[in-house]
Amino acid sequence: MGNHSDGSPNPSGAVATAGQEEVEKFQDPGLPPHRLRLADTDPKAAKRAERQVAILFGISVIGTVVFLIAYFAIDLGNDSSIATIRTQNLLLGLGTAFAMLGIGTGIVHWAKALMPDHEVSEERHAIRTEDDRKAAVRIVDDIIEETGIKRRPLIRNSLIGALLLAPLPALAVFGDLGPRPDRKLAHTMWAPQDGKLKRLTRDPDGTPIKASDVTIGSAFHVIPEGLNELHEGKLNEKAKAVVLLMRLNPESLNPSPGRENWGYNGIVAYSKICTHVGCPVALYEQQTHHLLCPCHQSTFDLTQECKVIFGPASRPLPQLPIAVDAEGYLVATSDFKEPVGPSYWERDEHERLINS
Amino acid sequence: MSASSTADVPYVAKTKVGRFTNFVDERVGGSGILREFGRKVFPDHWSFMFGEVALYSFVILLLSGTFLTFFFDPSMAETHYQGSYTPLYNVEMSVAYNSSLNISFDVRGGLFMRQVHHWSALLFVASLSVHMLRVFFTGAFRKPREMNWVVGGVLLILAMAAGFTGYSLPDDLLSGNGLRIIDGVIKSIPVIGTYISFFLFGGEFPGTAIIGRLYVLHILLVPAIILLMIVIHLFMVVVHKHTQYPGPGRNDGNVVGYPLGPVYAAKAGGFFFIVFGVIALMAAAFTINPIWNYGPYDPSPVSAGTQPDWYIGFVDGALRLMPGVVNDFHFEYIVFGHTLTLNVLLPALVPAGILFTVLFTYPWIERWITKDDREHHVLDRPRNAPTRTAIGVAGFTWYCVMWAAAGSDLIATHFHVALNDVTYWLRALFFLGPILAFIVTKRVALALQRKDREIALHGRETGRIVRLPHGEFIEVHAPLDEYKRYRLVGFESLAPLPAVPNEHGVVTRSEKRRAALSKWFFEDRVAPASPAELEAAHAHGHHEAIEAGADQKSLTH
């Protein structure tokens, strides 16, 4: 190309207005001449296209038959295996696909090869005419005049007032969609009941955990004692109360003042609900002592009281204070000292309430 | 309508079909409708099919969805699974999950219908999005179609809402965690967040109300509004008539294409079956949302590599990209004793907010900058509107960075790179990606325009090297015929529009701003080749043209 190139951008000053000032332009040559297809000139080709269309429709018939056979011949009894279901799904799908694609490709082929392919030009009409506009304006003026709304501001203003208030019942009627939050988010099942401390039990079977079962490096998914016996709101309680229990070398834990006796012998328990948006923080990296949330990759450092070291969470995971009861089982000495899970507007208020 | 019939002799149909159609016609006036639409002209182009795909996948969604409602039970009551999928036998679960399993394993064709429904939902949002990209990049949103563009944007949001409400219905572990994320985001809303959460879930998360409520939204409210919007959308398409790509014989005053009957109706109708067939093929061969692998919802477990459906990905990705803590700076504050959690609130609302605000207002922004109040029925080729194309690609890149971030863990595991590095890179790209994309796209568009000019003026390269008598080597260029040339030169190249004083002779501040934007929009531009330039080019390359002409002759036997 080299020396041919002269298509550099025009300096912006060269054209004063937005292209309205006409530089001489190429004339529209009009629609290109129509080119005949093979099927237009050769009767043999037309006949061939006709047969192809018919074959495609025939394929559709085969597809429908395949579907019906797969539906009626494969029996999903009580002992049907996943393999049977997959086979049936495949055959039903292929049957439908051929039934539909046969018709679809047949019709399109028919349209492209045999129906006239002359492009037609049609004039566009104005979306509205000036006559219509004038008439419409006159009608609107007449309507407004006949209502007299301009001359009677009392009617107008009282109507506006009434209309503004009228939707309120429509909003109020949704007031019973749910209870008010109150302080439900501030508490979990871990609070001691009638002076009895709750044992830490395994998720999901609910067997209590002995401190001696927890070896260094191990991790347990924990639910509070009595959760499985709940009939109402079991998942609601579980959604707040799930805990991760891990044992580290006690030297690698650095409890802050006031939290020294929240663990036992290097065993610590933290809320499993991410402080970001509430996914379960289910991944424990034993070597680095990191907890990772698989949803958004918030990472918490167990050796720094589950401080956030990476990802979108902003708060450490709440710690559950634990101890050992007379029989050697792990128990929670109190509820969490702060609300668990994602932050919410009243959270700070609730935290102060818990600690007061 | 025989020639003998006159006004006072009523028309009498001679055949059975004729009598029947006449009966209907005399009562509803179908002739008028047929006269208007029977031969209505529709332009044809492959890129016009995306909207059709969206429409057809919606029809398939209605068909397959209706089947599913006959078997699905949206109750969250507890039950124990007794169906034929043995790994979950006797497992405690909700009735909703139980009935989803039954649809999959104990209703013949149920799994197929679930797969068809899910695949067409994914395709519906995808084709709608691609259709909107097509409309944006070709400038089809310009006057008189701005309102239809807005309807399209509303449809996109509704499609996402329909998708998400449906995705949650089986009450499986994966979708339950998705709901939990939504709950977390809702709780981050200042002042009313907790209340909205309690109202939505009928109490604490997860409660026993949410599936039933989402079900009503999913099968009644959202599809009804979608249907209404589609009707409005198509009505406006009829009012406006379809846009057409530039080319010889096409201008803003006409519409060139095939008549509705028979060619266009056949192609479009046949295409419905093709879309259905392709969806059936996907449903047959590719598993989607195997809920039996996830298990019932339980707030404790979660599987690694969790992903939302693709169209929610960009919001999830934004949530992942936002750091919660930078050094010792926390994005969660206590404001007057209340918790404000910007690390959730900002990424959940701001990027999506910006995307949709720009999307909805763009037609008016461009109209304000260009002061262009004319009707446009001929599309722009994307290269001929370099700045608009660059804006579109920048926005698309931004979206894609967030979307990729929703798979940051999978990127890390598949490419064996550190998860943290993937996040750091994507954070950088979140800000730099759109800028780079803008610059690169604009340059590419301008380069393509120059290439068009080059070809219009000098013909296409034939790849034949010829040695001239005096020893010079040249490549033979074949001139274009006038139709092909018009495709390359038949566009309007707008130039910056300087600030103009208003009727009081004052150049307002907003007018100055507009002029600055206009300059930014149009200062880099390539004007279409003009006849005078072609003349000059011919004088320059006269011998080449002759050579090429002779060449062509020798090729055509």
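Residues numbered from 1 in each chain as written. Chains lettered and ligands numbered in written order. Predicted model: local features only at pLDDT ≥ 70, side-chain atom pairs only at ≥ 80, totals over all residues.

## Topic: the overall build of chain A
Convention followed: Secondary structure elements are taken from DSSP: a helix is a run of H or I of four residues or more, a strand is a run of E of two residues or more, and numbering for both begins at the N terminus. A residue pair is marked as a contact if its C-beta atoms, positioned from the backbone, fall within 7 Å.
Broken down by element type, chain A carries eight helices and twelve strands. Seen through its principal axes, chain A has C-alpha atoms that stretch 100 × 75 × 65 Å. Considering only contacts in chain A between residues 6 or more positions apart, those separated by 24 or more positions represent 57%.

## Some points on the interface of chain A and chain B
Reports often express the size of an interface as the amount of accessible area lost when the parts come together. The criterion, for reference: All amino acids are sorted into three groups, where Ala, Val, Leu, Ile, Met, Phe, Trp, Tyr, Cys and Pro are nonpolar, Asp, Glu, Lys and Arg are charged, and the leftover types, Gly among them, are polar.
Each partner contributes residues to the interface: chain A has 94 residues there, and chain B has 115 residues. For the side of chain A that touches chain B, the secondary structure elements donating two or more residues are α3 (82-113), β1 (120-123), α7 (234-241), β9 (307-310) and α8 (347-355) of chain A. Ranked by residue count, the leading element in the side of chain A that touches chain B is α3(A), at 17 residues. Looking at the side of chain A that touches chain B, its residues break down into 48 nonpolar, 27 polar and 19 charged.

## Some words on the domain arrangement of chain A
Stated formally: Where each domain starts and ends follows an automatic or database-derived domain assignment.
Partitioning chain A into domains gives domain 1 (38-113), domain 2 (135-163) and domain 3 (186-355). Relative to domain 2 of chain A, the C-alpha centre of domain 1 of chain A lies at a distance of 62 Å.

## Points about the confidence of the model for chain B
Residue and element names in this part refer to chain B. Which entries qualify depends on this criterion: Think of pLDDT as the predictor's per-residue confidence, scored from 0 to 100.
Predicted confidence across chain B gives a mean pLDDT of 91, with 95% of residues reaching 70 or more. Segment residues 1-5 is flagged for pLDDT under 50; beyond a separation of four residues in sequence, or across chains, it makes one contact in the model. The low-confidence segment residues 544-557, where pLDDT is below 50, has 17 contacts with residues more than four positions distant or belonging to other chains. Under the prediction, the complex receives an ipTM of 0.89, its pTM being 0.92.

## Considerations on the pairing of β9(A)
Each regular strand shows side chains that alternate between the opposite faces of the sheet. Selection criterion: Strands were regarded as paired on the criterion that DSSP finds at least two bridges between them.
Relative to β9(A), strand β8 (residues 299-301) of chain A runs antiparallel, the two sharing three bridges. Across the sheet, F300(A) pairs through a bridge with V308(A), a residue of β9(A).

## Side note on the sheet that holds strand β4 (residues 254-259) of chain B
Strand order in the open sheet formed by three strands is β1(A)-β4(B)-β1(B), and the pairing between neighbours is antiparallel. With partners counted over all chains shown, the strands left at the sheet margins are β1 of chain A together with β1 (41-42) of chain B, one partner each. Of the pairings in the sheet, the one linking β1(B) to β4(B) comprises two bridges and is antiparallel in character. Note on β4(B): the bridge partner recorded for V41(B) is P259(B).

## What about the sheet that holds strand β7 (residues 290-292) of chain A?
Two modes of strand pairing occur in sheets, parallel and antiparallel, and in both the strands are linked by backbone hydrogen bonds. Residues and elements named next belong to chain A. Note the cut-off: The axes used here are C-alpha line fits, helices contributing only the stretch in contact, and every angle between their N-to-C directions lies in the interval 0 to 180 degrees.
Read across the sheet, four strands follow the order β6-β7-β8-β9 without closing on themselves; strand pairing throughout is antiparallel. Both outer strands of the open sheet, β6 (283-285) and β9, are each paired with one neighbouring strand and no more. Here the strands of the sheet are splayed against their neighbours by 35° on average, with no regard to which way each runs. Sheet topology note: the β6/β7 ladder contains three bridges and is antiparallel.

## So, the pairing of strand β2 (residues 198-202) of chain A
Residues and elements named next belong to chain A. What counts is decided by this rule: We call a residue exposed when 12 or fewer other C-beta atoms sit within 10 Å of its C-beta, buried when the count reaches 20 or more, and partly exposed for counts in between; the C-beta positions come from the backbone.
Most of β2 sits inside the fold, with four of its five residues counted as buried. Here two bridges tie β2 to strand β12 (residues 330-332), and the two strands are oriented antiparallel to one another. Residue pairing for β12: R199 is matched across the bridge by V331. For β2 and strand β3 (residues 219-224), the ladder comprises three bridges, and the chain directions are antiparallel. Across the sheet, L200 pairs through a bridge with P224, a residue of β3.

## Concerning the nonpolar core
Quick reminder of the rule: By definition, a nonpolar core groups buried Ala, Val, Leu, Ile, Met, Phe, Trp, Tyr and Cys residues that connect through C-beta atoms lying within 7 Å of each other.
Grouped together as the largest cluster of nonpolar side chains are 169 residues, with contacts concentrated most on V243(A) and L245(A). Discounting residues that sit within four places of it in the chain, L245(A) has contacts with L200(A), I209(A), V214(A), A219(A), F220(A), V222(A), I267(A) and A269(A). Formed by eight residues, the second largest nonpolar core is a distinct cluster that contains I455(B), A456(B), L457(B) and A529(B).

## Some points on the packing of helix α13 (residues 342-370) of chain B against helix α14 (residues 386-405) of chain B
Residue and element names in this part refer to chain B. Quick reminder of the rule: Under this scheme an angle from 65 to 115 degrees is roughly perpendicular, one under 35 degrees roughly parallel, and one over 145 degrees roughly antiparallel; angles in between are oblique. Crossing handedness is defined as follows: a turn of the near helix away from the far one that is anticlockwise and smaller than a right angle gives a left-handed crossing, while the clockwise case is right-handed.
Interaxial distance between α13 and α14 falls to 11 Å at its minimum, and their mutual angle equals 165°. In this view, α13 runs roughly antiparallel relative to α14, as classed from their interaxial angle. As for how α13 packs across α14, the hand of that crossing is left-handed. In this structure, α13 contributes P351, L355, V358 and E366 to the contact, and α14 contributes R388, G395, Y399 and M402. For the contact of α13 with α14, the per-class residue count stands at five nonpolar, one polar and two charged.

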